Structure formats: C-alpha cells, structure tokens
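Residues per chain, in single letters:
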Amino acid sequence: MDRITLESPLDMHLHLRDGDTLTLVAPLSAADFAGAVVMPNLVPPIDALDALDAYRARIAVACDTARFSPWLTLFFRAYSHDELAAARRQIIGVKLYPEGVTTNSAGGVRDLRGIDATLEHLEALGIPLLVHGETHGFVMDREREFLPVYRRLARQFPRLTIVMEHITTREAVELLGEYDNLHATITLHHLLITLDDVAGGLLQPHLFCKPIAKRPEDREALLHAALTGHPRVMFGSDSAPHPRSAKEAAGCAAGVFSAPVALPALAELFADRDVLPMLQRFVSDNARAIYRVTPPLRRITLERVPWRVPDHYGAVVPFGAGTTLAWQVTARA
Ligand code: DOR
Ligand code: ZN
C-alpha cells in the first residue's frame, strides 16, 4: 500500500503558543489536521473564560478554523461548579499539571489530595480531565510513580473521563486495561525514539521533552497499542515549539516540534509495519469516540513519495529536520 486518504485526522494534544509562534505554527497544524486539543500552558495560563475566549479569537486569526477545530482546555485550578458549568460548552477538558513538572506549569497543582471537589464537578458535568502524569522523582521513574494517582482518580471518579497525556511507559499502557475510564494520548516521538536517541551519543536538544523518552521495551508497548488501534488510545503530538535559541542552549527547553511532520512520519511507521489502515483509528476514530467530537470533514492523502523535512520553520526546528521521510502529504481537501 503506497497511498492512504485519512478522514479528518486529529491531534489530541497540541501546543499552539501565542503571538508570532501561534501565527507560525497554527497554519501548519490546520493544514494537516481537522481538529486539535489545544493546551492551556501559556504565560499566564488560560484559567478563566475571558482569557479562553480571547485566545480562541487569536487562534482564529492565525488559521482557518472552519477547516480546523481548535478544542480548547482550561488550566486546572480549584474551579466552582458554576464556573465549570459556564465553561462546559467552550472547552473540551481541563488540563492538570502538577506544579513545576514541565514548561509553564509553575501554577500547577501542589497537593493532589486537595483537588477532589473540582473533580466531582468535572465528573458531574461530563468534562474530561487531561493529566500530565509525572511526579518530581527520578526522571526515568516519574511517570511510573504517578500511576497510583491515576488509579485513585479512576476508582474514585468512575464516570470521569481521564486522559493520561503523552504516555511513555509499558506500565501506563497496561494500566489502561484496569479501568474503563482511563484513556491515553501517545506522541509521534515516543513511538520512534528512546532515551538513547536523546542522550546516547551527542546530546540532541530537539529530542528533549517531558516526559523524557524511555526504554526500548516501553516504546514497543506504545507501538503495540497504537499499531493495533487500541480503542482508548489516541494520537496527540504534544508538538511543543520553542525557538532554536531556547533549544540549543545551556538549559534546553523541553518540547519536540512535530506538527508538520506528524502525518508523514506516522504513515511511514504504520506502512512499514504493514498496518497502514489502522492509522485512521489512531489519528481520528478513537478520539471521536472518546471525546464525542465531530470535526470538520477533511480528506488528507499521503503517498509514499520522499519528502525532505525542512531545516526550520521560522525560528523553530522540527522533529527530523533535514532528514528524508518516505511519505508525504500529497493532497489536502
Ligand atoms: O516537552 C514538553 N513540552 N512537555 C510538556 O509537557 C510541555 C511542553 C511545552 O509546553 O513546551
Ligand atoms: Zn504537552
């Protein structure tokens, strides 16, 4: 199979940023995707409806939102029932960051035991909870150490839709089997790289992200879930642009900018494993069922035609910059 047409591909975890970066990156996602879950970790974070509405308006200036649905999220804090009831129709979920675990998460949750009242409101209102699930432990263990939190939340709030964002470990994949209300996004880069690619040779700042890429056996577990179309797993790029100056620096910022290469690289990955038809589930169908969203109808065709990934988009270096992918997008309708 040398060709596939995807119906309304979706990116269920995306950083669009603001200002000039928003102007640069939003059209790149809107070109290839029919919708995306947009993260709220701006400075300051989006944690009120007026800020959310203003951000939506800026996104609409940056790209064509008739062809690309930006599904916005609120940054987790203690919200009242009334605040969340008022926000419900304008958000796809609320994103929880433990304090300080990643970029722009200084305003995140310090004490995870104090969040139950807000979670009760989310559950009652049918608003999904999206979670950056990492502790402050040893960097390779942070996700695994967080899994008991997911277990507690899944058990205590059985009707709450919980999305474990950007999972990176075999244990997180296995946890999906324990609770029906747990779901997960998986990034492109965590399907392709391990810690060896980041730091096994010369340090690769453009592959540095949170959570850090893990071991080969973890990547295999992620691949198995994605390639078999696990129904509670969705593609979420976690495409997180930082300017080159912030990446190629002492104190490299965390984030892999993958939005413009995501579909070609996924097509290559699925085709190489002879499961190209499963890509539709991973990049669209599962997400539609989990979030009950209806994206604009788009048809994105990919073909096995080599494509050299640009060295940069403005000040941002993409995942795979300068390499040649075996697939490319050949038609966008
Ligand atoms: O690598 C990451 N970058 N991980 C995150 O969780 C946040 C993101 C960002 O916003 O740059
Ligand atoms: Zn993210």
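Going along each chain's sequence as written, the residues are numbered from 1 onward. Just so you know, chain letters begin at A and ligand numbers begin at 1, following the order they were written in. Totals for whole chains, interfaces and linings use all residues, but because this is a predicted model, local features are given only for residues with pLDDT of at least 70 and pairs of side-chain atoms are given and counted only at 80 or more. Excluding hydrogens and water, the side-chain values take into account all heavy atoms of the structure.

Q: Looking at this structure, how should I read the packing of helix H11 (residues 262–272) against helix H12 (residues 279–291)?
A: Packed helix pairs are characterised by how far apart their axes lie and by the angle those axes make with each other. Helix axes use the C-alpha atoms of the stretch in contact, all axes being lines fitted to C-alpha atoms, and the angles between their N-to-C directions lie in the range 0 to 180 degrees. Numbering of helices and strands runs from the N terminus; a helix is a DSSP stretch of H or I covering at least four residues, while a strand is a stretch of E covering at least two. It is at 9 Å that the axes of H11 and H12 come closest, and there the two elements cross at 135°. By the criterion of interaxial angle, the relationship of H11 to H12 is oblique. Side by side, H11 and H12 meet where Leu263, Leu266, Ala267 and Phe270 of the first sit next to Leu279, Phe282 and Val283 of the second. Roughly parallel means an angle under 35 degrees; roughly antiparallel, over 145; roughly perpendicular, 65 to 115; everything else is oblique. By definition, residues are in contact when any of their heavy atoms lie within 4.5 Å.

Q: I would appreciate a short explanation of the side chain of Asp32 in the present structure.
A: Within the secondary structure, Asp32 is located in helix H1 (residues 19–32). The exposure class of Asp32 is buried, given its relative accessible area of 2%. The contacts of Asp32, once residues within four sequence positions are left out, are Pro9, Pro260, Leu263, Arg298, Ile300, Val329 and Arg332. Burial classes: relative accessible area under 20% of the type maximum marks a residue as buried, over 50% as exposed, and values in between as partly exposed (1.4 Å probe, protein chains only).

Q: Sorry if this is basic, but what is going on with the coordination of the zinc ion (ligand 2) here?
A: Six octahedral donors at a metal ideally form angles of 90 or 180 degrees, and four tetrahedral donors ideally form angles of 109.5 degrees. For the zinc ion (ligand 2), the full set of protein donor atoms is His13 (NE2), His15 (NE2) and Asp238 (OD), at a range of 2.0 to 2.1 Å. In the primary sequence, the donor residues of the zinc ion (ligand 2) line up as H-x1-H-x222-D. You'll find His13 and His15 in the same group, each marked buried. Distances decide who is a donor: an N, O or S atom must be within 2.8 Å of the metal, or within 3.2 Å for Na, K and Ca. Water is not included, so sites may look incomplete.

Q: Sorry if this is basic, but what is going on with empty space enclosed by the protein here?
A: The way it works is a 1 Å grid over only the protein atoms, where trapped points that fit a 1.4 Å probe form a cavity and open points with protein on both sides within 12 Å along at least five of seven lines form a pocket, and then any residue with an atom within 4 Å of a point lines it. Grid points are joined across faces, edges and corners, and a volume is the space filled by probe spheres set on the points. In total, this model carries 3 cavities of 30 Å³ or more according to the counting rule given. Following the grouping adopted for this structure description, the nonpolar residues are Ala, Val, Leu, Ile, Met, Phe, Trp, Tyr, Cys and Pro, the charged ones are Asp, Glu, Lys and Arg, and the polar ones are all others, Gly among them. Its residues placed into classes, the lining of the largest cavity shows 5 nonpolar, 9 polar and 4 charged. Within this model, the second largest cavity holds a volume of roughly 50 Å³. Along its surface, the second largest cavity is lined by His206, Ala240, Pro241, His242, Lys247, Gly255, Val256, Phe257, Val316, Val317, Pro318 and Phe319. By residue class, the composition of the lining of the second largest cavity is 8 nonpolar, 3 polar and 1 charged.

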